[in-house]
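Here is what each chain is made of, one letter per residue.
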Amino acid sequence: MSVSQSRLPLLATALGVGLATLSTGAQAATEWDMPTPYGDRTFHTVNIREFTEDVREATEGELDITVHSNGSLIGHAEIKNSVRRGIVPMGEVIMSRLANENAIFEVDSVPFLAASYADAWTLWEASREIIAEELEKQGLRLLFAVPWPPQGIYTNQALDTGDDLKNLSMRAYNTASERIAQLVGAVPTQVEVPDIPTAFSTGRVEAMITSPATGADTKAWDYLDHFNHAQLWLPKNMIIVSDKAFSRLSDDTRQALLEAAAEAETRGWEMSRQETDDAIAVLKDNGITVTEPSEALATKLQDVGDTMTEEWVERAGEPGQAILDAYSSARD
Ligand code: PCA
């Protein structure tokens, strides 16, 4: 581990050697702060910490990234622009949060378009380049993306038909979860993960769409009784770095960062898959009733999904169509 720049003169004096001799050999490490929106228990955060450890090792401490989880350094809503404006060099955001900028960022939150891991991966391969190009226009480089487990519906009462969701105040986290709530007659409210327990305990919300993972991480059994494993979509978190910060790194460090990112993506997808079963087991162990959609509910959700797909295709225009074409030909 190199000595930080500010301590070099002191050390040089103490050792009685000239600073010039010392600084030729010891290059100060680059220290980066990385804000993420989700907590330490979340498998995404575990994966990201492993990634930063890999980078530290591969660069022999040249690039030292500190992860600030749970929105503690910068709130989720501000992370992307903070990276863009150079306030922090890198960060994590859920991709679909950028849907208001461009609908292609929300391609992974179109209901039932890619609701299994195999399909989600095919869709990612079909969309990654267009999404990376869109980020590039903003001076951002996409390092890797990892999906959450399939999204389902948490309620207090058993969920038999779509009507059971009517008038419920429903926690949402992106425009797709907001829209689905509207289309089933519920009332959506945006709440970030760290605020979920308070939102339920104060009665601000009484149902939510999220994964088994986030339900388990936030101890959903403290305020909810049912989880419907509806498998609506698998939204991804992405890790972005500012081009400016990236270009200041040495060639070797850049290479090490990209290699660790590719490994983190592969590992993250595997962790996510495993987390689906593990988290469902945790929910059950803690008394949550886990069900699959009844025929009536499935029909309703399919209806809503069709509407949302049409709306998305309309909003996403030509790039959206290009992604869909690439996706369907890869699936054939
Ligand atoms: N957890 C995050 C995003 C999707 C998920 O499974 C959330 O609920 O906000």
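Here the structure is shown first, and the text comes after it.
Since we're looking at a predicted model, the values are computed, not measured.

1. Things to note about the packing of helix α3 (residues 43-58) against helix α10 (residues 251-285)
Point 1. Where α3 contacts α10, the axes come no closer than 9 Å and their chain directions differ by 155°. On the basis of the axis angle, α3 is roughly antiparallel to α10. The handedness of the crossing between α3 and α10 comes out as right-handed. When α3 is examined against α10, the residues F43, V46, N47, E50, F51, D54, V55 and A58 are found in contact with a partner set consisting of A256, L257, A260, A261, E263, A264, R267, G268, M271, S272 and E275.
Point 2. Tallied by class, the residues present in the contact of α3 with α10 amount to 11 nonpolar, three polar and five charged.

2. Thoughts on the packing of helix α5 (residues 117-136) against helix α11 (residues 295-331)
Point 1. Here α5 crosses α11 at 140°, and the two axes come no closer than 9 Å. Relative to α11, the element α5 is oriented oblique. Every pair of crossing elements has a handedness; the one defined by α5 and α11 is right-handed. Residues D119, T122, L123, A126, S127 and I130 of α5 lie in contact with α11, whose contacting residues are P319, A322, I323, A326, Y327, A330 and R331.
Point 2. Classifying every residue of the contact of α5 with α11 by side-chain character gives nine nonpolar, two polar and two charged.

3. Some points on α11
Point 1. Over its 37 residues, α11 runs only 26 Å from end to end, short of the ideal 54 Å by more than 12%, given 1.5 Å per residue.
Point 2. Of all the bends found along α11, the most pronounced is centred on G317 and spans about 120°, while P319, a proline, follows it within four residues.
Point 3. Taken together, the buried positions of α11 are occupied by L297, L301, V304, G305, M308, W312, A316, G320, I323, L324 and Y327.
Point 4. Looking at the packing, one finds that the buried side of α11 touches α5, β5 (152-155), α6 (175-183) and β9 (226-228).

4. A short note on the pattern of salt bridges
Point 1. According to the stated counting rule, one finds 16 salt bridges in the structure shown.
Point 2. Close ionic contact of R56 with E53 constitutes a salt bridge, the shortest N to O distance being 2.6 Å. Of this pair, R56 and E53 both sit in helix α3, three residues apart, roughly one helical turn.
Point 3. Relative accessible area serves as the criterion here: at 18%, R56 is assigned to the buried category.
Point 4. On the basis of relative accessibility, which here comes to 36%, the residue E53 falls in the partly exposed class.
Point 5. The closest approach of N and O atoms between R331 and D119, which form a salt bridge, is 2.9 Å. Here D119 lies in helix α5 and R331 lies in helix α11, a separation of 212 residues in the sequence.
Point 6. With a relative accessible area of 18%, D119 lands in the buried category.

5. What about the site of the ligand?
Point 1. Surveying the vicinity of the ligand reveals the residues Y38, I94, W148, Q151, R171, Y173, V193, T210, S211, T214 and P235.
Point 2. Within the contact set of the ligand, an oxygen atom lies 3.0 Å away from a side-chain nitrogen or oxygen of Q151.
Point 3. Here S211 contributes a side-chain N or O atom positioned 2.5 Å from an oxygen atom of the ligand.
Point 4. For the ligand, the protein covers 99% of the area, taking 250 Å² as the surface of the free molecule.

6. Re the environment of F246
Point 1. In this structure, F246 sits in helix α9 (residues 243-247).
Point 2. Using a relative accessible area of 5% as the deciding quantity, one classes F246 as buried.
Point 3. For F246, the contacting residues outside a window of four places in its chain are W32, R141, V241, R254, L257 and L258.

7. Details of helix α4 (residues 76-84)
Point 1. Every buried residue of α4 is listed here: H76, I79, K80, S82 and V83. Angular distribution of buried residues about the axis of α4 spans 165°; they occupy a single face of the element.
Point 2. As for α4, its buried residues are in contact with β1 (30-35), β3 (90-94), β4 (140-147) and β10 (236-242).
Point 3. In the segment just after α4, G86 is the residue with positive phi, at about 80°.

8. Some remarks on the sheet that holds β4
Point 1. If you trace the three strands from one edge of the open sheet to the other, you get β3-β10-β4, paired in antiparallel fashion. Each end of this open sheet is capped by a strand with a single partner; those strands are β3 and β4. Strand-to-strand, the axes of this sheet are offset by a mean angle of 25°, without reference to chain direction.
Point 2. Both β4 and β10 contribute to a ladder of seven bridges, which runs antiparallel. If you follow F144 over to β10, its bridge partner there is I239.
Point 3. Packed onto the sheet, α3 meets β3, β4 and β10 and runs at close to 130° relative to β4.
Point 4. Contacting β4 and β10, α10 runs over the sheet at an angle of about 20° to β4.

Cut-offs and rules
- Residues numbered from 1 in each chain as written.
- Predicted model: local features only at pLDDT ≥ 70, side-chain atom pairs only at ≥ 80, totals over all residues.
- Heavy atoms only, no water.
- Axes fitted to C-alpha atoms, helices over the stretch in contact; angles between N-to-C directions.
- Helix = DSSP H or I, 4+ residues; strand = E, 2+ residues; numbered from the N terminus.
- Parallel < 35°, antiparallel > 145°, perpendicular 65-115°, else oblique.
- Left-handed = near helix turned anticlockwise from the far one by under 90°.
- Contact = heavy atoms within 4.5 Å.
- Nonpolar A, V, L, I, M, F, W, Y, C, P; charged D, E, K, R; others polar.
- Expected span 1.5 Å × (residues − 1).
- Bend = angle between axes of the 7 residues up to and from the residue.
- Buried < 20%, exposed > 50% of the residue type's maximum accessible area, 1.4 Å probe, protein only.
- Salt bridge = Lys/Arg side-chain N within 4 Å of Asp/Glu carboxyl O.
- Near = heavy atom within 4 Å.
- Polar contact = N/O pair within 3.5 Å; in protein donor to acceptor, adjacent residues only side chain to side chain.
- Areas by Shrake-Rupley, 256 points an atom, 1.4 Å probe, with all protein chains shown as cover.
- Arc of directions from axis to C-beta.
- Pairing = 2+ DSSP bridges.

Keep in mind these values describe shape, not function.
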